[in-house]
2 protein chains.
Amino acid sequence: LKYHDIDCVINGEYRIKCRRETSEVFVPFSFVQKYFEIYGKISTEDGFEKLAWEHSYSTVHRPREHYSPGGVFMSFEFYNVEERDRVRCISGMEGVPLSTQWTPDGHYYPIQISQFGLSHLSKYLTQGEPEVLILEDGEDDHLENWILPDKRYKLQLQKDKSLETTVVEFTTSDSMKYPGISIPADEKDDFVLCADLRFASNGSITVTIETPNLQLFHIHYVLSSKLISLDGHDIYYGLGERRGQWIHITRTVSVDFDKGLALKFNKVKRTKMKLKVSRITDVSVRGHGWLDNLTLSTTAHLDNFYNAANWLVYHQNDRGGWPIMVQRSLIPGVLELPPGWYSAMAQGQAMSLLVRAYLRTQNTKYLQAAVDAMKLFEIDSTQGGVLTKFADRYDWYEEYPTTPSSFVLNGFIYSLLGLYDLKEVTDGEDSKMASKLYSNGMQTLKKMLLMFDTGSGTFYDLRHITLGIAPNRARWDYHTTHINQLLQLSVIDDDPLFKNTAQRWMDYMKGKRSKHN
Amino acid sequence: LKYHDIDCVINGEYRIKCRRETSEVFVPFSFVQKYFEIYGKISTEDGFEKLAWEHSYSTVHRPREHYSPGGVFMSFEFYNVEERDRVRCISGMEGVPLSTQWTPDGHYYPIQISQFGLSHLSKYLTQGEPEVLILEDGEDDHLENWILPDKRYKLQLQKDKSLETTVVEFTTSDSMKYPGISIPADEKDDFVLCADLRFASNGSITVTIETPNLQLFHIHYVLSSKLISLDGHDIYYGLGERRGQWIHITRTVSVDFDKGLALKFNKVKRTKMKLKVSRITDVSVRGHGWLDNLTLSTTAHLDNFYNAANWLVYHQNDRGGWPIMVQRSLIPGVLELPPGWYSAMAQGQAMSLLVRAYLRTQNTKYLQAAVDAMKLFEIDSTQGGVLTKFADRYDWYEEYPTTPSSFVLNGFIYSLLGLYDLKEVTDGEDSKMASKLYSNGMQTLKKMLLMFDTGSGTFYDLRHITLGIAPNRARWDYHTTHINQLLQLSVIDDDPLFKNTAQRWMDYMKGKRSKHN
Ligand SMILES: [Ca+2]
Ligand SMILES: [Ca+2]
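Note that the coordinates shown come from a computational prediction; the quantities given were computed from them, not determined experimentally.

Here we take up the overall build of chain A. Along its length, chain A carries 12 helices and 23 strands. Projected onto the principal axes, the alpha-carbon positions of chain A cover approximately 85 × 75 × 45 Å. Looking at chain A residue by residue over its 517 residues, the buried ones come to 58%. Of the contacts formed within chain A by residues at least 6 apart in sequence, a portion of 64% connects residues at least 24 apart. Split by element, the accessible area of chain A, about 21600 Å² in all, is 48% carbon and sulfur. Measuring between centres, the 58 positive side-chain charges of chain A sit 6 Å from its 65 negative side-chain charges.

Attention now moves to a negative patch on the surface. All names here are of chain A. Taken together, the side chains of Glu139, Asp140, Asp141 and Glu144 make up a negatively charged region of the molecular surface. Relative to the elements of secondary structure, Glu139 occurs in the loop between strand E8 (132-136) and strand E9 (154-160). Owing to a relative accessible area of 44%, Glu139 belongs among the partly exposed residues under this scheme.

This part covers the state of the cysteines. Residues and elements named next belong to chain B. If you walk through the whole model with that rule in mind, you get zero disulfides over all chains. Of all cysteine sulfurs, the one in Cys194 lies closest to Cys89, which takes part in no disulfide; the gap is 17 Å. Since its relative accessible area comes to 7%, Cys194 is described here as buried.

Take the coordination of the calcium ion (ligand 1) next. Residue and element names in this part refer to chain A. All of the protein donors around the calcium ion (ligand 1) are Asp137 (O), Glu139 (OE), Thr165 (OG1), Thr166 (O), Asp292 (OD) and Asp292 (OD); their distances to the metal are 2.3 to 2.7 Å. Angles of 50 to 163° at the metal separate the six donor atoms of the calcium ion (ligand 1), which places the site in the irregular class. Considered as a linear motif, the donors of the calcium ion (ligand 1) on their single chain read D-x1-E-x25-T-T-x125-D. Placement of the pair is Asp137 in the loop between E8 and E9 and Thr166 in strand E10 (residues 165-171), with a sequence separation of 29 residues. Across the pair, Thr166 and Asp137 agree in class, each one buried.

On to the packing of helix H6 (residues 344-361) of chain A against helix H7 (residues 364-372) of chain A, then. The geometry of a pair of packed helices is captured by two quantities: the angle between their axes and the separation between those axes. All names here are of chain A. With their axes 7 Å apart at the nearest point, H6 and H7 run at an angle of 155° to one another. With respect to their mutual orientation, H6 and H7 come out roughly antiparallel. Note that H6 runs across H7; the crossing there is left-handed. Across the interface between the two elements, Met351, Leu354, Val355, Ala357, Tyr358 and Thr361 of H6 pack against Thr364, Tyr366, Leu367, Ala369 and Ala370 of H7.

Glancing now at the sheet that holds strand E18 (residues 279-286) of chain B. Sheet strands pair via backbone hydrogen bonds, and the direction of the pair is either parallel or antiparallel. Residue and element names in this part refer to chain B. With mixed pairing, six strands are arranged side by side in an open sheet as E11-E18-E13-E14-E16-E15. Pairing within the sheet leaves two strands with one partner each, and these edge strands are strand E11 (181-187) and strand E15 (228-231). Mean inter-strand twist for the sheet, computed between neighbouring axes without regard to direction, equals 20°. In terms of strand pairing, E11 meets E18 through five bridges, oriented antiparallel. Looking at E18, one finds that Ile181 is bridged to Val285. Contacts between helix H3 (residues 253-261) and the sheet are confined to strand E13 (204-210), strand E14 (216-222), E15, strand E16 (234-238) and E18, with E16 contributing the most and set at about 110° to the helix.

All names here are of chain B. Asp137 (O), Glu139 (OE), Thr165 (OG1), Thr166 (O), Asp292 (OD) and Asp292 (OD) make up the full set of protein donors to the calcium ion (ligand 2), lying at 2.3 to 2.6 Å. Positions of the donor residues of the calcium ion (ligand 2), expressed as sequence spacing, correspond to D-x1-E-x25-T-T-x125-D. Comparing Thr165 with Thr166, the two get one shared label, buried.

This part takes up the nonpolar core. Membership of the largest hydrophobic core comes to 192 residues, with the highest contact counts inside it found for Phe390 of chain A together with Phe390 of chain B. With residues near it in sequence (within four places) discarded, Phe390 of chain B still touches Phe390 and Met451 of chain A together with Phe407, Met448, Met451, Leu462 and Ile465 of chain B.

Now for the packing of helix H2 (residues 110-127) of chain B against helix H6 (residues 344-361) of chain B. Residue and element names in this part refer to chain B. Where H2 contacts H6, the two axes come as close as 9 Å, and the packing angle between them is 40°. Between H2 and H6 lies a crossing whose hand is left-handed. Along the contact surface, H2 presents Pro110, Ile111, Ser114, Gln115, Gly117, Leu118, Leu121, Tyr124 and Leu125, while H6 presents Met345, Ala346, Gln349, Ala350, Ser352, Leu353, Arg356 and Arg360. Looking at the contact of H2 with H6 residue by residue, the classes come out as 10 nonpolar, five polar and two charged.

The next point concerns the interface of chain A and chain B. With 76 residues of chain A in contact, the opposing surface of chain B contributes 75 residues. Summed over both partners, the interface of chain A with chain B comes to about 6600 Å²; 52% of that surface belongs to carbon and sulfur atoms. Our count for the chain A to chain B interface comes out at 14 salt bridges. The partner of Arg513 of chain B in a salt bridge is Glu37 of chain A, and the shortest N-O contact between them spans 4.0 Å.

Comparison of the two chain copies shows a relationship of rotation about an axis with a shift along it. With an RMSD of 0.0 Å, the fit of chain A onto chain B corresponds to turning through 180° and sliding 0.0 Å along the axis. Seen this way, the second copy is the image of the first under a two-fold rotation axis. When the interface residues of chain A are mapped onto chain B, 99% of them again lie at the interface, so the same face is used by both copies.

Here we come to H7 of chain A. Among the residues of H7 of chain A, those classed as buried are Tyr366, Leu367, Ala369, Ala370 and Val371 of chain A. Where H7 of chain A begins, the side chain of Asn363 of chain A points an oxygen toward the backbone nitrogen of Lys365 of chain A, at a separation of 3.0 Å.

Another aspect to go through is the packing of aromatic side chains. Residue and element names in this part refer to chain A. Counted according to the given criterion, the structure contains 62 aromatic pairs over all chains. A centroid spacing of 4.6 Å and a plane angle of 70° characterise the contact between Tyr35 and Phe36, whose relative ring orientation is edge-to-face. For the pair Tyr35 and Phe36, a shared accessibility class is recorded, and that class is buried. Positioned above the aromatic ring of Tyr400, the side-chain terminus of Arg328 is 4.3 Å from the ring centre.

Right, let's get into the sheet that holds strand E14 (residues 216-222) of chain A. Residue and element names in this part refer to chain A. In spatial order, the strands read E11-E18-E13-E14-E16-E15; together these six strands make up an open sheet with mixed pairing. Either end of the sheet is taken by a strand with one partner, and the two such strands are strand E11 (181-187) and strand E15 (228-231). In this sheet, neighbouring strand axes are inclined to one another by 20° on average, regardless of whether the strands run parallel or antiparallel. Inspection of the sheet shows E14 paired to strand E16 (residues 234-238) by five bridges, in the parallel sense. Looking at the pairing, Val222 lines up with Gly238 of E16. Here helix H3 (residues 253-261) sits on the sheet and contacts strand E13 (204-210), E14, E15, E16 and strand E18 (279-286); the angle it forms with E16, its principal contact strand, is near 110°.

All names here are of chain A. Of note, Ser122 is situated in helix H2 (residues 110-127). Using a relative accessible area of 1% as the deciding quantity, one classes Ser122 as buried. Only 3.0 Å separates the side chain of Ser122 from the backbone nitrogen of Phe73, close enough to count as a polar contact. Those residues within four positions of Ser122 in sequence are excluded, and the remaining contacts are Val72, Phe73, Phe76 and Glu77.

Scanning the entire structure with this criterion turns up 56 salt bridges over all chains. A salt bridge links Arg19 of chain A to Asp5 of chain A; the shortest N-O distance between them is 3.0 Å. Placement of Arg19 of chain A in strand E2 (residues 14-21) and of Asp5 of chain A in strand E1 (residues 3-10) is noted, with a sequence separation of 14 residues between them. The class for Arg19 of chain A is buried, based on a relative accessible area of 11%. Residues joined by salt bridges that share partners form a network here, namely Asp7, Arg15 and Lys17 of chain A together with Glu45 and Lys50 of chain B.

Residues and elements named next belong to chain A. Here Glu398 lies in the loop between strand E23 (394-397) and helix H8 (409-425). Placed 10 residues apart in sequence, Glu398 and Val408 show a C-alpha to C-alpha distance of 6.8 Å. Ignoring anything within four residues of it in the chain, the contact list for Glu398 reads Ser343, Ala344, Met345, Val386, Thr388, Ser405, Ser406, Phe407 and Val408. In this structure the side chain of Glu398 is engaged in a polar contact, spanning 3.0 Å, whose partner is the backbone nitrogen of Ser406.

What counts, and where the lines are drawn
Residues numbered from 1 in each chain as written. Chains lettered and ligands numbered in written order. Predicted model: local features only at pLDDT ≥ 70, side-chain atom pairs only at ≥ 80, totals over all residues. Heavy atoms only, no water. Helix = DSSP H or I, 4+ residues; strand = E, 2+ residues; numbered from the N terminus. Buried < 20%, exposed > 50% of the residue type's maximum accessible area, 1.4 Å probe, protein only. Contact = heavy atoms within 4.5 Å. Areas by Shrake-Rupley, 256 points an atom, 1.4 Å probe, with all protein chains shown as cover. Lys, Arg positive; Asp, Glu negative; His and termini not counted. Charge placed at Lys NZ, Arg CZ, Asp CG, Glu CD. Patch = residues over 30% accessible without salt bridge, like charges linked within 9 Å, V, L, I, M, F, W, Y side chains within 5 Å. Salt bridge = Lys/Arg side-chain N within 4 Å of Asp/Glu carboxyl O. Disulfide = S-S within 2.5 Å. Donors = N, O, S within 2.8 Å, 3.2 Å for Na, K, Ca; no water. Tetrahedral: all angles 85-135°; square planar, octahedral: opposite > 155°, others 65-115°. Axes fitted to C-alpha atoms, helices over the stretch in contact; angles between N-to-C directions. Parallel < 35°, antiparallel > 145°, perpendicular 65-115°, else oblique. Left-handed = near helix turned anticlockwise from the far one by under 90°. Pairing = 2+ DSSP bridges. Core = buried A, V, L, I, M, F, W, Y, C linked by side-chain atoms within 4.5 Å. Nonpolar A, V, L, I, M, F, W, Y, C, P; charged D, E, K, R; others polar. Buried area = accessible area lost by both parts, 1.4 Å probe. Least-squares fit on C-alpha atoms with pLDDT ≥ 70 in both. Polar contact = N/O pair within 3.5 Å; in protein donor to acceptor, adjacent residues only side chain to side chain. Phe/Tyr/Trp six-rings, centres within 6.5 Å; stacked < 30°, edge-to-face > 60°. Lys NZ or Arg CZ within 6 Å of the ring centre and 35° of its normal.

Structure (structure tokens):
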């Protein structure tokens, strides 16, 4: 017989069935994959099947050759924050994501909000201006595209004094039972809805969408403080109780649709049922109010960016921080943070975002918020701040300011990037402080970076050292975050440590290991 | 076809040939073995072939339930120091091994000498007294077993005043050309030769051995300062220029034979040519001298133990140290020690040995040497001592006191065991100092131990942290040394850190890893 069965005894502990062929033994890949936690799948290449054996599953992003505090943040143009499962939805009231990380109720998580803003700015800077379809701007002197289903409904142009432009006044029943005044769209690509709206009554704006199966759904943006709800084919987002004032809305309809359906169907089901937006058929308004600049566009990145920046300015407290209002358990019962903790990563990512908002607008409210965000870096984590020291010696800014310290690497580096951005745009005392915090942190990083090197990957944190427990290895996507961060740092600091370490850490992703003695 | 070929593409980089059988792909073990650096071999079990897949290759020794500074050292009863390739031979002058580590010329390496002594004591304590065949002790009043090949040769009993016993005086030609006076042995098991000898002329003692192929070889122990040489079937060991004084020799003939043949043949050849001792046929003496207590025994562990202890006492310098006279390059050009360096491990292992010699003999010269060996623990490694600090904060005793520090784990722990042994047997100021050094070191160890945990093995040192380079992973035998040490520490210190870490590190040897996030 050419080949035959042979048992393989694994570490003297258990057996698997293998195949022997002359002097070679063939072992089942399904076992190898599980034992070593690697990846593989069979695909077809030029008509031949092959098994693609992958040591890791994530992707490294090479940074640009230059870095500027006003520019693209790392490779955040590849982030799609709002599409993540742990984003419940983009709030209609705040225009920023609501996180369900660590609590199903959702909370405004400053890190997620900053990353949302930074990713949209980075997309804007790399993709450029969107295509915009103007449905209505009040400037054309005619309103014949609008459909009025009831003779009592009214639509007219009106000069708005506060906006100094012509807007459209609409008057309909505010009841959801009756159709509103609508404008057809037939839009298959541009799924971002923007509008300026002012309601005199309890009004709403509705987008009707069609799925690939030709099902129709309605997404209603209503004057309510209820975040999100789903009722059959109707999804509701609350815009807040904001009667009588102009409000600007920016809604990624495809995301709003998906988050609405997610209230009832999980991702697998939504995919299977083809519950996604293939067309926007029309936009309609109800109640009595005014409307301007109603558009559908491919993107509205800058809107999202400023929503995030404004959220940070508005919600920063007198300590310069954005308290995180959920309990965070790194290790239940051992490393826990009660609600209200601050994160150096949140502070730093906010700085990166606020500095960019300042550089685009020259509005000092953004810069001041970024400067104020430094305060917590000087306060010990045992005192409610984010500062800790390794070996009572090296300053470290904690993503999770636990006691004992956890020393999460990626959060620390994000905080350093925030301080870098800030030191680059400030002067005087603010610049001195930012520079000092940055250089102390960088000195620590250079001393401690290699503590995260496992010889075949990286550690997520140093809990093993502070608690004397099993190390917490970084899964591959955190490992690549580490690499992306080092590559970014190598652009702003020419210490070869960053470039060399990043290269070795990339090698680990292909199964290479550091040498043993 | 039941199974067919399929290519496997490894990390998008290269291809190997695999086999597909229904939905399973079988990959060649030879590749898996190389890629992941595991081990495997085919053997037969109950008439069936099997492949034994081993994640690691070395063995953990569970320590005894109790530890005493006078007892077995760790599991050193399993060590066979003198059989190692890097032992050139046991010196005829010193009775201790000469190391060829880092220099082919050989040097007296205090760590090896202490380990030689500790292993022999540990063997003695676990194996008990040897079987001893007395060939001659001068007490039987007859000398008829001896063969005198020349009528001019003489042999007679004589009372020796210094030894206060009857000894045998022999008178022969001292030329190697002629046979000496010999006593037949026909000994097939006990290959350790001991004797008390005093030479008036340029004499020698010779052991004739037979190999499995019935070849005869002679091992001559001669009054010369030449270490070792080989000339055909004659091997020479120098006993030093020690004419006129009583000398005690203890020779493991099988080892002496092997080291002699190693001058010409490598290990593979020696095995192939069956160059090993199967029988001692006789022992002979030449020249004019006196002989007593000529024995062949299974072992002479205590002799070896005291040879090592005495070597340490004799060669300790005024700094309390045993300078190591070879250059040591941890990293050529970067981490180097010029000849004359001290090692905390050498100091500590010497303490463990000297304390045991003291406890067996109550001779305070041993204890004083152990106490003096502490001095270098208070001197910074930059000042020629063995003390360094991690993060300017934690005292660490360096096996290799490089600048920057290397933080070799196993050497540090051996030094702590030495300090422990010493603090247990001293009192007064000596005890205070030993206790302080021990507790400072243990405190450091508890803080830093987990820095050596890779999540799937251990690091040998912390060069990656001090130099910012690739980590130096410990190969499996060093990994098991770490485990053996932790298990030993867990007997003398009940901090669960030691037991728990040892358990996890044992799990790593079976392919388990710490969790990733
Ligand atoms: Ca207008
Ligand atoms: Ca005698």
